[in-house]
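Inside the fold
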Amino acid sequence: MRRTAESACADPADVDWQSAGDDLGVLPVRVPCTVASALRDVGRLDLEDAASLERVGDLDRADWWFRCRFAASPDEQADAGSPTALLLGGLATRARVWLNGRLVLESEDMFLRHRVEIGDLLAAHNELVLCFRGLGPFLAEKRPRARWRTALVPERQLRFLRTTLFGRIPAFTPPVPAVGPWREIALLQTGEAAFELEDLSLHADLEDGQGVVTIDATLRGDASGEMGRGLEGGSGCWRLEVGSVSATLDCQASADGVLRVQGRVVVPDPERWAPHTMLPEGETPRRHPVALVLGEGPESPRLDLEPVGFRQIEREAGERFALRINGERLFCRGTCWTPIDPLALDASPERLRASLEQVRDAGFNMLRVTGTLVYEQDEFYRFCDELGLLVWQDFMFATFDYPTGDPAFRRTIEAEVDDFLGRVRHRACLAVLCGSSEGQQQPAMLGLEAEDRADGFFDEWLPGRCAESRPDVPFWPSTPSGGELPFHTRSGTSHYFGVGAYRRGFEDLFVARPAFATECLAFAGPPGLHGPDPTPRSRVPRDRGADWDFADVTTHYRRMLLGEDADAGHDAGLRAQLDRVALSRVMETVAARLRDPEADCGGALVLMHRDPWACAGWGVLDADGRPKSGWYGLARGWAPIGIAILDDGLEGLGVRIWNDRGSRLEDALELRLMRFDGAVIAEATHPLRLPARGFWRAGVDRLVGGFLDSSHAYRFGPRSFDFAVARLRGRAEAGACGSEAIHLPSELGRLPRSEVGLGAAWRRGPGGALAIEVRAMHLAQAVVIEVDGGIAADGFFHLAPDRPRRVAVGGAADRVEGARVRALNTDETVELGAPPRAAGPSSEVGSS
């Protein structure tokens with residue numbers, strides 16, 4: 001790879017690959033990559049080094065050249081006439097491609113995949129050259145004015161270019177745009193006596209309770225080879241096999257070895273795919289194997305395709321927004337996804353799967369791919385299918401008034417949409433197809449009426465094409481939209497930041513009544529679990545034009561929940577810890593409130609999943625993928641089997657219990673009302689038998705058999721107790737996350753520091769799974785567990801006296817080196833050394 005000035009070189013012959021040129025010189029790179037990720041990988045770019053960013057400069061204001069020399073094999077040389085293709089998965093953005101000196105491709109859309117037939121150009125020794133032109137000349141051209149201006153990005157001419165806004169949005173992303181061959185490049189050579197799957201359209205749906213799989217595929221091969229009988233009829237024809245059911249396909253062959261196969265298979269009463277939160281614990285979503293089979297015999301050649309899932313997804317009728325999965329309403333919860341690698345915009349399958357397993361294990365069931373990002377890699381959707389995670393998919397349009405009336409631009413975006421829909425046509429995880437992010441909100445906030453922001457592409461063509469390709473997936477025109485104004489909260493979808501950016505109290509949830517929050521709960525969350533936040537204030541997210549940033553928002557809720565003295569003077573470490581405690585509490589409370597059936601909310605997606613670089617950002621994971629405090633609050637509030645104690649005002653405290661699982665819950669509710677001195681003021685035990693996807697609620701006064709002013713709303717005297725503890729006894733003793741809730745009134749703020757008798761011990765569970773058991777003699781406020789070499793499954797929780805809590809530890813057990821346990825209201829720190837070797841199916845293996 002090398003850099004040249006914009007437009008300095010017209011073609012590869014002009015590029016000097018020998019001299020050093022500028023200060024970067026000629027660098028070895030591994031594709032796929034972006035310019036930024038390539039520079040990082042060779043030590044020339046470091047997001048944590050401002051001088052490094054300055055030296056590299058604006059990546060959009062240079063031309064970037066990539067060269068790959070390769071030799072063709074002797075077989076390829078001898079068979080130069082056989083079909084050969086160059087596959088390019090994604091080129092960001094104004095790209096030109098030469099093979100052996102001939103220009104073979106010009107691309108202006110980073111989201112499009114390309115297949116270039118190059119059989120007649122392949123030689124014994126080959127040179128592939130790619131150039132990614134700088135955007136300076138393009139952005140300087142005069143073009144028609146937009147009907148409205150976006151507030152999201154400063155460079156408004158980007159609306160004419162099909163590229164990601166990630167890296168170009170100063171509010172929350174690193175100032176590093178995506179440039180380069182960011183998806184895989186491959187050379188496809190079809191050998192003799194073989195078929196290659198050239199194009200595939202596979203779709204699974206339910207019709208009157210029956211599973212239907214349709215296929216339309218193109219295979220390319222040598223008709224004279226062994227598999228050439230696939231071009232004949234009778235016993236040599238292709239079949240589509242779904243599980244134990246199969247059907248013969250219609251085959252249409254051409255003389256040049258191209259075979260088109262079409263048909264469908266009907267699967268009687270198939271087991272259905274569902275999000276993991278709707279399944280019994282331990283079960284995985286049901287998918288059915290699919291294969292193309294040549295002939296009838298047991299040894300027949302076969303081409304295994306990806307499994308498919310049968311499910312029904314519908315949007316509920318009415319002004320509000322909710323989804324029904326296989327006929328049952330689902331509360332959708334999760335985050336707005338962030339690329340794992342913010343520079344490469346690509347990740348290894350291993351890293352991607354681990355990140356998605358983390359989402360599943362937290363109890364989330366939906367991720368939103370927003371219109372400011374990129375269409376994710378194929379493995380993302382495959383793993384979501386496997387793990388039972390729904391995907392709200394925006395098309396890559398956000399806030400701009402796009403020039404859809406320009407014929408060339410229109411052809412490009414139509415090809416982009418068709419290409420993406422072809423990639424995901426068989427994915428069960430796809431829950432919503434959404435036309436854009438804030439495509440209606442932005443002009444409406446600027447005063448444009450609905451007719452003034454109308455657009456034939458977004459209003460007619462796009463929903464029509466989605467209905468043709470995925471009639472089983474609801475289409476939504478834009479988010480937010482659906483109310484009298486697109487950003488109103490009680491109808492359709494909203495970006496709800498009443499609790500959050502607009503600094504309103506929890507009561508706003510009852511006033512705004514968000515129907516479905518496709519974005520919510522954005523705060524400047526300090527990374528780490530303890531200590532000061534080392535990142536600069538300049539990295540804190542800020543809305544353009546605002547005189548406040550999201551650290552100010554966090555400060556507001558810290559004071560609201562922990563008291564005015566929570567500013568902690570000059571103690572930056574304590575102040576950051578109080579921020580963490582407050583955000584965990586906000587997340588847990590709002591998660592439970594929105595999930596309550598009384599809220600009639602269809603779902604909530606937190607902005608955002610992961611910080612794009614080291615900062616106190618919106619992510620509930622830090623830039624390394626480790627949980628921040630808000631993650632733990634969400635995991636408790638949204639646990640598939642969960643419990644909460646909520647303040648219902650004059651009705652007192654109320655206990656809520658959810659069972660989203662697909663099997664009955666049988667347990668016992670234990671309730672204790674306690675004082676800080678350890679005295680139990682009242683207690684009760686209640687047997688629970690909750691059906692699958694059941695909900696139960698009861699007032700604390702009713703459970704203990706009398707009025708105690710449990711919410712201290714009447715205030716006829718001092719509080720009768722200080723805190724309430726509710727737990728599902730069986731699940732709590734087994735260490736299940738979300739099985740215990742403690743209500744500590746916010747007006748009590750940060751408790752005075754004292755000795756609480758904090759202790760901890762390593763434990764081993766079934767299969768040798770590692771856990772830490774924590775305990776306290778007195779109430780421990782906001783307990784935090786830091787694990788060296790691992791990740792605790794819960795944190796920032798209150799710990800009741802004499803009620804040990806077992807917390808699972810994620811990661812490889814042999815890499816765990818130790819742990820520390822702390823609580824906000826004590827100076828005690830429990831140090832645990834490395835856990836001893838597994839001692840049995842369930843045992844104590846070390847203690848502080």
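See above for the structure.
Residues numbered from 1 in each chain as written. Predicted model: local features only at pLDDT ≥ 70, side-chain atom pairs only at ≥ 80, totals over all residues. Heavy atoms only, no water.

This next bit is on the overall build of the chain. Broken down by element type, the chain carries 15 helices and 43 strands. The globule rule puts the C-alpha radius of gyration for 848 residues at 29 Å, and the 29 Å found for the chain is close to it. Within the chain, the fraction of its 848 residues that count as buried is 59%. Contacts in the chain between residues far apart in sequence, at least 24 positions, make up 69% of those at least 6 positions apart. Of the roughly 33,500 Å² of accessible surface on the chain, a fraction of 48% belongs to carbon and sulfur atoms. On the chain, the mean spot of the 98 positive side-chain charges and the mean spot of the 126 negative ones are 3 Å from each other. (Helix = DSSP H or I, 4+ residues; strand = E, 2+ residues; numbered from the N terminus. Rg over C-alpha atoms; globule rule 2.2 N^0.38 Å. Buried < 20%, exposed > 50% of the residue type's maximum accessible area, 1.4 Å probe, protein only. Contact = heavy atoms within 4.5 Å. Areas by Shrake-Rupley, 256 points an atom, 1.4 Å probe, with all protein chains shown as cover. Lys, Arg positive; Asp, Glu negative; His and termini not counted. Charge placed at Lys NZ, Arg CZ, Asp CG, Glu CD.)

Quick look at the sheet that holds strand E24 (residues 475-476) now. Read across the sheet, eight strands follow the order E24-E23-E22-E21-E20-E27-E26-E25 without closing on themselves; strand pairing throughout is parallel. The sheet is open, and its two edges are formed by E24 and strand E25 (494-496), each paired on a single side. One ladder, built from four bridges, connects strand E22 (residues 390-394) with strand E23 (residues 430-434); its direction is parallel. Residue pairing in the sheet places Trp-392 in a bridge with Val-432 of E23. (Pairing = 2+ DSSP bridges.)

Glancing now at the packing of helix H5 (residues 349-361) against helix H6 (residues 378-387). Running from N to C, H5 and H6 cross one another at 40°; their axes reach a closest spacing of 10 Å. In terms of their interaxial angle, H5 and H6 are classed as oblique. For the element pair H5 and H6, the recorded crossing hand is right-handed. Residues Pro-349, Leu-352, Arg-353, Leu-356, Glu-357 and Arg-360 of H5 lie in contact with H6, whose contacting residues are Glu-379, Phe-380, Phe-383, Cys-384, Glu-386 and Leu-387. Split by residue class, the contact of H5 with H6 holds seven nonpolar, no polar and five charged. (Axes fitted to C-alpha atoms, helices over the stretch in contact; angles between N-to-C directions. Parallel < 35°, antiparallel > 145°, perpendicular 65-115°, else oblique. Left-handed = near helix turned anticlockwise from the far one by under 90°. Nonpolar A, V, L, I, M, F, W, Y, C, P; charged D, E, K, R; others polar.)

We now examine the pattern of salt bridges. In this structure the tally under the stated criterion is 79 salt bridges. Asp-378 serves as the salt-bridge partner of Arg-423, at 2.8 Å between the closest nitrogen and oxygen. Residue Arg-423 is located in helix H7 (residues 407-423), and its partner Asp-378 is located in helix H6; the two are separated by 45 residues in the primary sequence. Owing to a relative accessible area of 15%, Arg-423 belongs among the buried residues under this scheme. Across the pair Arg-427 and Asp-385 runs a salt bridge whose closest N-O atoms are separated by 3.4 Å. With a gap of 42 residues between them, Arg-427 in the loop between H7 and E23 and Asp-385 in helix H6 connect regions that are remote in the sequence. Overall, the relative accessible area of 1% leaves Asp-385 in the buried class. Overlapping salt bridges, with partners in common, bring together Arg-593, Asp-596, Glu-598, Asp-648, Arg-656 and Arg-697 in one network. (Salt bridge = Lys/Arg side-chain N within 4 Å of Asp/Glu carboxyl O.)

Okay, the packing of aromatic side chains next. Taken as a whole and judged by the stated rule, the model has 32 aromatic pairs. Both rings, one in Phe-321 and one in Trp-392, keep their centres 5.6 Å apart while their planes meet at 50°; by these two values the pair is tilted. Of this pair, Phe-321 sits in the loop between strand E17 (313-315) and strand E18 (323-325) while Trp-392 is found in strand E22, placing the two residues 71 residues apart along the sequence. In terms of burial, Phe-321 and Trp-392 fall into one category: buried. Looking at Arg-143, its charged tip hangs above the ring of Phe-160, at a distance of 5.1 Å from the centre. Note that Arg-539 overlies the ring of Trp-613, its terminal NZ or CZ placed 3.8 Å from the centroid. (Phe/Tyr/Trp six-rings, centres within 6.5 Å; stacked < 30°, edge-to-face > 60°. Lys NZ or Arg CZ within 6 Å of the ring centre and 35° of its normal.)

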